[in-house]
Amino acid sequence: MDRLTSIEIFVRAVELGSFAAVAEERGISAQMVGKHVRGLENTIGAKLLAKSTRFQSLTAAGEQYYQRCLVVLDELKAAQEDIYRSMSEPSGCLKIATGVNFGIKALAPILARFQLQYPKLDIDLTLDNNPPDMQKGGYDVIFRERLEGYDYLVATKLRSYPMIACASPTYLKRYGTPQHPDDLEQHQCLQSNLSQAPYKWRFFDGQKITTPNVSSRFTMNSGQAMLAAALEGAGITLQPTFQVSEALADGSLLPILEDYSLPEVELYMLYRPSLRNTARLTALQAFVRESMESHADD
């Protein structure tokens, strides 16, 4: 039985949490997954998993072996990338995760152009507003507004996005235009129902910060959904400028409280340390940064 394959299966069993999940992912039986793990245990002479068929936790030896296996697999990936780098064109696959709004509006178009420029690269993009699990998802790169919980990744700040509060002409005609941030407490303010909403309703007039106690009878987990609701006149929305630029340009939405500034949204690119200086990561980082700099006013 191939040792490297067994190591890869063992690592994925740890990350996915069950033999059945690994079996489904690799198109083999759960019994075969168990056979690979038992083969490793027989070779090293130690129990790796608390259960041999459907494990619940790593043994002490298993935890140590798992960490070593990660290093081995990362080094093998890096060696492959060195070969790719010696060739003129990056190859392989990049598995990427980001939030739904940024993914649809900004990142997907960038990655489409990137893949056209590097046709030997495969792009696997997942959009999810929940914090991605790097291990279970097997992601190489994630794009996030927050760094909390990802101390083990390499982070690069790409840019900051201005925020803007806006509403449809229909809504403002019906309920009036707020003149001060505190006026928002009397309005329907569309909000996120995520536990870690990235956008804060904080307004700065040059001297002090005002944080109105906004409320909403309509919450959702997507900035695009909030945008759609705002366009229908359902309330005031707080959005990054890239999300609402077209609606502002054609008058579908109107900015409010323009004399106040809002916190900007910082965008980070985070990736596994093993990808540092690899051809595909270097190409992606340069391409994304150049694309964003060319649209710095968005």
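Residues numbered from 1 in each chain as written. Predicted model: local features only at pLDDT ≥ 70, side-chain atom pairs only at ≥ 80, totals over all residues. Heavy atoms only, no water.

Just to check I follow, could you spell out the sheet that holds strand β2 (residues 121–127) for this structure?
Backbone hydrogen bonds hold the strands of a sheet together, and the pairing may be parallel or antiparallel. Reading across the sheet, the five strands line up as β2-β1-β3-β12-β4 and stay open at both edges, with mixed pairing between neighbours. Where the open sheet ends on each side, the last strands, each with one partner, are β2 and β4 (154–161). Pairs of neighbouring strands in the sheet enclose a mean axial angle of 20 degrees, with direction left out of account. Pairing of strand β1 (residues 92–98) with β2 involves seven bridges; the strand directions are parallel. Counterpart to A97 in the pairing with β2 is T126. This element, helix α5 (residues 100–117), spans β1, β2, β3 (141–144), β4 and β12 (265–271) of the sheet and lies at about 175 degrees to β2. (Pairing = 2+ DSSP bridges. Helix = DSSP H or I, 4+ residues; strand = E, 2+ residues; numbered from the N terminus. Axes fitted to C-alpha atoms, helices over the stretch in contact; angles between N-to-C directions. Contact = heavy atoms within 4.5 Å.)

Please clarify how the sheet that holds strand β11 (residues 254–255) should be interpreted in this entry.
Reading across the sheet, the three strands line up as β10-β5-β11 and stay open at both edges, with antiparallel pairing between neighbours. Among the strands making up the open sheet, the edge pair consists of β10 (237–240) and β11. Two elements, strand β5 (residues 163–167) and β10, share four bridges in a ladder whose sense is antiparallel. Bridge pairing links M163 to P240 in β10.

Explain the pattern of salt bridges here, please?
Following the criterion strictly, the structure yields six salt bridges and no others. For the salt bridge of E15 with R12, the shortest nitrogen-to-oxygen distance reads 2.6 Å. A residue pair is termed a helical-turn pair when its members lie 3 or 4 positions apart in one helix, as E15 and R12 do in helix α1 (residues 3–16) at three residues. R12 shares its class with E15; the two are buried. A salt bridge links K105 to E246, with the nearest nitrogen and oxygen atoms 3.5 Å apart. With K105 in helix α5 and E246 in helix α9 (residues 241–249), this residue pair connects regions lying 141 residues apart in the sequence. Look at the salt bridges and you will find they share partners, linking R12, E15 and E25 into a network. (Salt bridge = Lys/Arg side-chain N within 4 Å of Asp/Glu carboxyl O. Buried < 20%, exposed > 50% of the residue type's maximum accessible area, 1.4 Å probe, protein only.)

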